[in-house]
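Observations on the model geometry
Below are the chains, spelled out letter by letter.
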Amino acid sequence: MAGDKEKLSIAVVSMHKQGHLAPVLYLCSELCKRGHQVCVYMPEIGKNDFEKKIKETGAALVALDMQGYSDETIKSTATASRKHVFTVISNLMCPALRKEFSQKRPDVVLADFASIAGCLITEEMKLPLVLNMPGPLSLMQVICGLPDTSTGVNCFGLHLARQRFSALTLVKWLGLGGLTEWGKPLRNAVGRGAMVLVQTIWGLDKPMPIYPNFIVTGPVLPPAAALRDGLAKHVELQRFLRAAPEGVVYVTTGSLVKLEAWQVRVIFNGLKKAKCRVVWSLKEEKQEFLPSKEDPDFFISKWLPQAELLQDPAIKLVITHCGWGGIMETLIAGKPMVAVPFFGDQPQNAKLIQQRGLAELIGRIPTGAEGTLNPYKEGWITEDSVCSAVTKVMNTPSYAAKAAELMIASGATGGVATAAQHVEWAARYGTSHVKPENFSYFTGSNPFNGLVVGLGLCAVGLCKLSLF
């Protein structure tokens, strides 16, 4: 066991995807500042994209041999084998990760929740594990088959709670997309006592009892003041923001999705109809689809300093793809949203922020089960639906008030300092003392099992009644 003041060797395991690596990089920076030796283990495929960012945190990088696979061959392998892409990536990471840890055994492993190679190798080598979860508790409930304790009732001494129905629980129940196979090592790791750092805010997630190895950290981002200072060097952007006293709408659709021509036109024209000033992060090749590249009300760039930009008081509303990291960045800035989700957990996130009074949907949205990055069909979003959603959120004070409320609440979660402290504690004291005793038999089910049983019993009852 490492002593309280001893420098720790911390291994960070993540796949090479922005939404999964970026949240752990803030943690890497904090852990390096505390004097620890941090090394990031990620697929060699992402080395060119992320090496500079990793080294800027003070961490070292080990690029894991992926046996000649590229993103394209990983995707085709996943399709052919009916496995989730995350499972294929993690299976390729495991041999190289095993070799690295055998040569240099870390004191603790901090793994992105989706990178289940971390779960598999830490179980095999008996290493303490901390999982970073950039998502809501409701997503963890789906993955692990946890009941939602906010639904609990007490009846004659029996405490009953159920799981919630969602598109993701249906996909998992049907065995589509390899979600069940991918989620099993994660559930097993949590059941063994792995610490789970959940980047959410109470009030966004419903307050509820949770296991002791679930730690709500809130957003793991730099202080707001530091983010605001970081925007000063972007002179042209600052000039545009200062020239918009009525406020600006910021549009972001993420790094993975490629917008269709009709989507670019509809969003542009809908914002023009709403008479908005707009800052838009739009890939360079997609800017060809803009009805006008020289419109003085639009500041278009292929890249923008999002976390810093959101802190600027000129930003009044964010049109977001509902990646969880982006939602956290938006909420610590106290901004309301219009949701345009695309795939994975994004539609579920969109509905969550809508239910909490933080956002409106941009139009008809996907379920998350379509299997493509951009499943929108022409007509799902229109100029009128864009204009209507933006105008409603901008002109209704309750949306901004709710965002401001959660911005304040986020300060009570501890953020990156709390997350780093729990990584240190896992290294120094282990995690076996927080292992949930009843996890294995209290989790792993699916609400659609109960639905089928219930419908079957109803059918049997109706058959019996028909005999009388």
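Everything numeric here is computed off the predicted structure, so don't read it as measured data. (Residues numbered from 1 in each chain as written. Predicted model: local features only at pLDDT ≥ 70, side-chain atom pairs only at ≥ 80, totals over all residues. Heavy atoms only, no water.)

As for the sheet that holds strand β1 (residues 9-13)
Ordered in space as β3-β2-β1-β4-β5-β8-β9, the 7 strands form an open sheet in which the pairing is parallel. One side of each edge strand has no neighbouring strand; the edge strands of this open sheet are β3 (60-64) and β9 (214-216). Pairwise comparison of adjacent strand axes, ignoring direction, gives a mean angle of 25 degrees for this sheet. In terms of strand pairing, strand β8 (residues 195-198) meets β9 through 3 bridges, oriented parallel. Considered in β9, the bridge of L197 is made with I215. The strands that helix α5 (residues 117-125) touches are β1, β4 (108-112) and β5 (129-133); relative to β5, the one it contacts most, it runs at about 170 degrees. (Pairing = 2+ DSSP bridges. Helix = DSSP H or I, 4+ residues; strand = E, 2+ residues; numbered from the N terminus. Axes fitted to C-alpha atoms, helices over the stretch in contact; angles between N-to-C directions. Contact = heavy atoms within 4.5 Å.)

Side note on the sheet that holds strand β15 (residues 359-361)
Overall, parallel pairing links the 6 strands, which are arranged β12-β11-β10-β13-β14-β15 in an open sheet. Unpaired on one side and paired on the other, β12 (298-301) and β15 mark the two borders of the sheet. Neighbour to neighbour, the strand axes of the sheet diverge by 15 degrees on average, direction disregarded. As paired strands, strand β11 (residues 277-281) and β12 are joined by 4 bridges and run parallel to one another. Counterpart to V278 in the pairing with β12 is F298.

Brief notes about the pattern of salt bridges
All told, the structure shown has 19 salt bridges when counted by the stated rule. Here D297 makes a salt bridge to K272, at a shortest N to O gap of 3.6 Å. Linking D297 in the loop between β11 and β12 with K272 in helix α11 (residues 261-273), this pair joins segments that are 25 residues apart in sequence. We classify K272 as partly exposed; its relative accessible area is 32%. The residue K293 makes a salt bridge to E288 at a minimum N-O spacing of 2.9 Å. When its relative accessible area of 46% is taken as the criterion, K293 is described as partly exposed. (Salt bridge = Lys/Arg side-chain N within 4 Å of Asp/Glu carboxyl O. Buried < 20%, exposed > 50% of the residue type's maximum accessible area, 1.4 Å probe, protein only.)

A closer look at the environment of K351
You can see K351 is positioned in helix α14 (residues 346-355). Looking at K351, the relative accessible area reads 41%, which means it is partly exposed. Between the C-alpha atoms of K351 and L237, which are 114 residues apart in sequence, the distance is 31 Å.

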